[in-house]
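Fold and geometry: a report
Read off the chains here:
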Amino acid sequence: MASATLLKSSFLPKKSEWLNTRPLSSAQPMAVSFTVRAGAYTDELVKTAKTIASPGRGILAMDESNATCGKRLASIGLENTEANRQAYRTLLVTAPGLGQYISGAILFEETLYQSTTDGKKMVDVLVGQNIMPGIKVDKGLVPLAGSNDESWCQGLDGLASRCAAYYQQGARFAKWRAVVSIPNGPSALAVKEAAWGLARYAAIAQDNGLVPIVEPEILLDGDHGIERSFEVSQKVWAEVFFYMAENNVMYEGILLKPSMVTPGAECKERATPEQVAEYTLKLLHRRIPPSVPGIMFLSGGQSEVEATLNLNAMNQSPNPWHVSFSYARALQNTCLKTWGGRPENVKAAQDALLVRAKANSLAQLGKYIGEGESAEAKEGMYVKNYSY
Ligand code: 13P
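What comes next is a walk through the structure. (Residues numbered from 1 in each chain as written. Predicted model: local features only at pLDDT ≥ 70, side-chain atom pairs only at ≥ 80, totals over all residues. Heavy atoms only, no water.)

**A look at the overall build of the protein**
Cut-off, in case you're wondering: Numbering goes from the N terminus for both helices and strands, where a helix is a DSSP run of H or I of at least four residues and a strand is a run of E of at least two. Type-normalised accessible area, obtained with a 1.4 Å probe on protein chains alone, sets the label of each residue: buried when under 20%, exposed when over 50%, and partly exposed for intermediate values.
Scanning the protein for helices and strands turns up 14 helices and ten strands. Burial status across the protein gives 54% buried among its 388 residues.

Next up, the structure:
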């Protein structure tokens, strides 16, 4: 008994030592202070995120940079001029009744400050359609020195003042896209850099009233199977949430834009929508707190129909988050081809956009039945080493 007491006490540090070695002790103030987020925009951010994540609605991503928009226009034989970009974006935002299916539209900076071809501000047209304007705020990808030929996303310098100006201009949410490549590793460095950049961006956007869409895109490139996508996705989302917590990001005021968990584009074994849904929902349950209001998937090169079927499969039973879409290619592809740059095709092109928007709206509600889809909508859009 005596020896037991001796043993115990000899292992217990004295109180003074204990205080010295416990940095979180209230008796010894820490060198760093904790911020409890109660920013000016807290309530508004929560409301914005909930509005975007409203039943049967998702996001139209129409934020292609001028370079990417140029590639789209070239595919229908048009020159990459401001007038052509304006004409195309006017067609998109004026599609009648679009707001029934679309709750937010992500714009490139040029469009945020642009007017439609008949002189109305694009932003006002969107608000008139009950669609929240959003803005791509990252400055694109550049090579990440010291990595395995991977990239990092630029744009943190001056971000706070840009976000404040975008808010003034009517934007209420933002997007930042970092990418992770499975065939190139991904290296621990690239994952950490992507996660840290997203977290800093998210904190800055929230400070300036914009709901951040957090998008670590795990590229489709590669011949890996679905298990490998799942493993990498788990790692990436763990780091993203770790750094968002460190940066005091308020989870109720963010939206996520993940890649669905699928096999690599060059993998011979394809996955059914049910398998994609099973892996993707497992990922979300393991990594995403239920306080996050909305999961708005990117399409990443899937065909229009594939992206809709996969989303529909994920909504066959209730989820803690709104599980929806934020597609660019999978909403716009048929629409763009139908337009072909011809004024007489505007109505048909808008109808094509509405077909996709409605199909994805139904998929958000788990009610898409996939009837009457065109062969075109079933064509994959994967492009190797695609740059956005
Ligand atoms: P896709 O749906 O074409 O992948 O684009 C979504 C997007 O906004 C990528 O950042």
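**Here's the deal with the site of the ligand**
Here is the rule we go by: Nearness is judged by heavy atoms alone; a residue qualifies as near a molecule or strand once a single heavy atom is within 4 Å of it. N or O atoms within 3.5 Å of each other form a polar contact, as long as, within protein, one can give a hydrogen and the other can take it, and as long as residues adjacent in sequence are counted only when both atoms are side-chain atoms. The accessible surface values rely on the Shrake-Rupley method and a 1.4 Å probe; as for residues, cover is taken only from the protein chains in view. Classification used: nonpolar for Ala, Val, Leu, Ile, Met, Phe, Trp, Tyr, Cys and Pro, charged for Asp, Glu, Lys and Arg, polar for all others including Gly.
As a structural note, the neighbourhood of the ligand is formed by 13 residues, with Lys175, Lys257, Ser299, Gly300 and Arg329 the closest of them. Here an oxygen atom of the ligand and a side-chain polar atom of glutamate 215 are 2.9 Å apart. For the ligand, an oxygen atom lies 2.7 Å from a polar atom in the backbone of glycine 300. For the ligand, the accessible surface in isolation is 300 Å², of which the surrounding protein chains cover 100%. Residue assignment for the shell around the ligand shows that the elements contributing at least two residues are β6 (173-180) and β10 (322-327). In the shell around the ligand, the residues fall into four nonpolar, three polar and six charged.

**What to know about the nonpolar core**
Using the following cut-off: Buried Ala, Val, Leu, Ile, Met, Phe, Trp, Tyr and Cys residues that are joined via side-chain atoms within 4.5 Å together make up what is termed a nonpolar core. Contacts are assigned to residue pairs with any non-hydrogen atoms lying within 4.5 Å of each other.
Residues Tyr201 and Met244 are the most contacted members of the largest nonpolar core, which totals 109 residues. Ranked by residues supplied to this core, first place goes to helix α9 (residues 188-207) with ten residues. Contacts of tyrosine 201, omitting those with residues within four sequence positions, involve Val137, Leu156, Leu159, Ala174, Lys175, Trp176, Pro212 and Ile213.

**A closer look at the packing of aromatic side chains**
Short version of the rule: Side-chain rings of Phe, Tyr and Trp, where Trp is taken by its six-membered ring, are said to pair if the distance between their centres is within 6.5 Å; with planes under 30 degrees apart they count as stacked, over 60 as edge-to-face, and otherwise as tilted. Distance and angle both matter: a charge sits over a ring if NZ of Lys or CZ of Arg is within 6 Å of the ring centre and within 35 degrees of the ring normal.
Within the structure shown, the criterion is met by nine aromatic pairs. Here the aromatic rings of tyrosine 88 and tryptophan 339 are separated by 5.4 Å at their centres, their planes lie at 25 degrees, and the arrangement is stacked. With tyrosine 88 in helix α5 (residues 82-93) and tryptophan 339 in helix α13 (residues 329-339), the pair connects residues that are 251 residues apart, well separated along the chain. A cation over a ring is seen here: lysine 282 above phenylalanine 230, with NZ or CZ 4.8 Å from the ring centre. Between lysine 282 and the ring centre of tyrosine 279, over which it is positioned, the NZ or CZ distance is 5.2 Å.

**Brief notes about helix α8 (residues 159-168)**
How we decide: Taking the helix axis as origin, the arc is that swept by the directions to the C-beta atoms.
Among all positions in α8, only Leu159, Arg162, Cys163, Tyr166 and Tyr167 are buried. For α8, the angular spread of buried residues about the axis comes to 140 degrees, placing them on one side. Set apart from the buried face of α8 by more than 90 degrees, the exposed residues are Ser161 and Gln168. Just downstream of α8 lies glycine 170, where phi reads positive at about 115 degrees.

Bear in mind that shape data such as this cannot, by itself, settle questions of function.
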